[in-house]
Amino acid sequence: MEAAEPLNELVSAEGRNRKAVLCQRCGSRVLQPGTAVFSRRQLFLPSMRKKPALADGSNPDGDLLQEHWLVDDMFIFENVGFTKDVGNIKFLVCADCEIGPIGWHCLDDKNSFYVALERVSHE
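Definitions and limits used
Residues numbered from 1 in each chain as written. Predicted model: local features only at pLDDT ≥ 70, side-chain atom pairs only at ≥ 80, totals over all residues. Heavy atoms only, no water. Pairing = 2+ DSSP bridges. Helix = DSSP H or I, 4+ residues; strand = E, 2+ residues; numbered from the N terminus. Buried < 20%, exposed > 50% of the residue type's maximum accessible area, 1.4 Å probe, protein only. Polar contact = N/O pair within 3.5 Å; in protein donor to acceptor, adjacent residues only side chain to side chain. Contact = heavy atoms within 4.5 Å.

As annotated in an unreviewed UniProt entry, the chain carries the name Guanine nucleotide exchange factor MSS4 and comes from Galeopterus variegatus.

Here is the structure:
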């Protein structure tokens, strides 16, 4: 998460995103305001890089992240791509510049898509 934006400026009283969620690299809009719910869940995301390098699953470097936007329908996203399956996980990437992962989706739960606050910007 950007240091300049405290959590209360990003999360509404209803627990939704107050601002649009954007790709940190290219600025492409990932989510519209009010379309995701704030969630705390500990998830491991590999280090940020281009989509083809993510799909091989060979590099264990990454971050254990806890603050996410939770989306329950993949069609809510404005602009997101998915990696090939890595076990039973698909990582979310920016569909325009293919940098990621910005989020995480387990194939066992068809209605949970997580976008890490630390991997996106807000406006």
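**Thoughts on the sheet that holds strand E3 (residues 37-46)**
Taken together, the six strands give an open sheet; going across it, the order is E3-E5-E10-E9-E7-E6, and neighbouring strands pair in antiparallel fashion. Where the open sheet ends on each side, the last strands, each with one partner, are E3 and strand E6 (81-82). Pairing of strand E7 (residues 89-93) with strand E9 (residues 103-106) involves four bridges; the strand directions are antiparallel. By the bridge assignment, Phe91 is partnered in E9 with Trp104.

**With respect to the pairing of E9**
Of the two faces of E9, the one lined by Gly103 and His105 and the one lined by Trp104 and Cys106 are each fully buried. Where E9 meets strand E10 (residues 113-116), three bridges bridge the pair, whose relative direction is antiparallel. Within E10, the position partnered with His105 by the bridge is Phe113. Linkage of E9 to E10, two consecutive antiparallel strands, is achieved through a turn of six residues.

**Structural notes on the side chain of His68**
Among the structural elements, His68 can be located in strand E5 (residues 62-71). Here His68 falls in the buried class, since its relative accessible area comes to 1%. For His68, the side chain forms a polar contact with the main-chain oxygen of Leu65, separated by 3.2 Å. The residues contacting His68, other than those within four sequence positions of it, are Val37, Phe38, Ser39, Arg41, Leu43, Tyr114, Val115, Ala116 and Leu117.

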